[in-house]
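Letter by letter, the chains look like this.
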Amino acid sequence: MADDELLGTGNAGQETDVERARIAHELIAAVRGLPPSDVPAALCRACVTLLPVASGLSVSVLGDGTEMGVVLCASDDVAARLAEVQYTLGEGTCMEAVRLRAPVFATDLTRMPDSRRWPLFAAQAARSGAEAAFSLPLTGAGRALGTLDLYRGTPGRLSRGEVRTALLVAEAVTLTVIALDHASPAPEGVLTWLAGAESDREEVHQATGMIMVWLGVSAEEALLRVRARAFAEGRTSVEIARAIIDRTMDLRDD
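Residues numbered from 1 in each chain as written. Predicted model: local features only at pLDDT ≥ 70, side-chain atom pairs only at ≥ 80, totals over all residues. Heavy atoms only, no water.

**Student:** Is there a simple way to think about the overall build of the protein chain in this case?
**Tutor:** The helix and strand inventory of the protein chain stands at 11 helices and 5 strands. Buried positions account for 46% of the 254 residues belonging to the protein chain. Summarising the internal contacts of the protein chain: among those between residues at least 6 apart in sequence, 60% fall at separations of at least 24. (Helix = DSSP H or I, 4+ residues; strand = E, 2+ residues; numbered from the N terminus. Buried < 20%, exposed > 50% of the residue type's maximum accessible area, 1.4 Å probe, protein only. Contact = heavy atoms within 4.5 Å.)

Written out as structure tokens, the structure reads:
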């Protein structure tokens, strides 16, 4: 079902507009006046309040021209782990939502068809304590800017009303980022408050470059080697990258 059908027309559309305004107001109010370093956590807390149906959630932002995401904020360790696992494996609901620029829901990661659609992610998610995952793209300027990712500890669908609220929260998260960007006096805009998280992702790029030099391989193959080692050791790509940069791990031994 299309997003506009879920958000309604006529009287239902008016109700949606009221809820849209309320959600946007709450998110903007949650981050207004905060120093950049405090914005992600405040945004996450507001989303958790607006989406009690979820056991936890995270917000990720994509780098320009790449599928490597930055975990902007996460409500708990499980949510953070699920986001990192997907970028490590290159599969999962958030990766699919970015590709399709549409919501992608996995209502039971312990059973087919979800476990067959994303076998590696499904196994890792279940091991982490998540049996259902719901990813909604943050879209702007004709492309996916990132995702809002929810998880639940038990299988199950979202109701029509819960889907509508989740869509509106994803829309408001996007608008909040854009509003902050336009209001920021810094030339870099609001993305300055991604600096800390982006530095983590830069470590993956740095490690990838080192592997390219060491092994004479392409950037794509170097990244695949990082992901493969991360999966084999049950760690994230960022953790492997840091070990490579610190010279405590050498993939030339593989």
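**Student:** Help me understand the pairing of strand β5 (residues 143-152) in this model?
**Tutor:** The buried count for β5 comes to 8 of 10 residues, which makes it a mostly enclosed element. One ladder, built from 6 bridges, connects strand β1 (residues 56-62) with β5; its direction is antiparallel. Paired with Val-59 across the two strands is Leu-148, which belongs to β5. In this structure, strand β4 (residues 132-140) lies alongside β5, joined through 9 bridges in antiparallel fashion. Of the residues in β5, the one forming a bridge with Pro-137 is Thr-147. (Pairing = 2+ DSSP bridges.)

**Student:** Would you mind showing me how to read unusual backbone geometry here?
**Tutor:** For residues that are not glycine, phi is negative in most cases, and the peptide bond is trans in most cases. Look at the link from Met-112 to Pro-113: it is a cis peptide, with omega at 10°. For Arg-101, which is not glycine, the phi dihedral falls at a positive 55°. By the secondary structure assignment, Arg-101 is in the loop between α5 (93-100) and β3 (104-106). A positive phi angle, near 65°, is found at Arg-247, a position not held by glycine.

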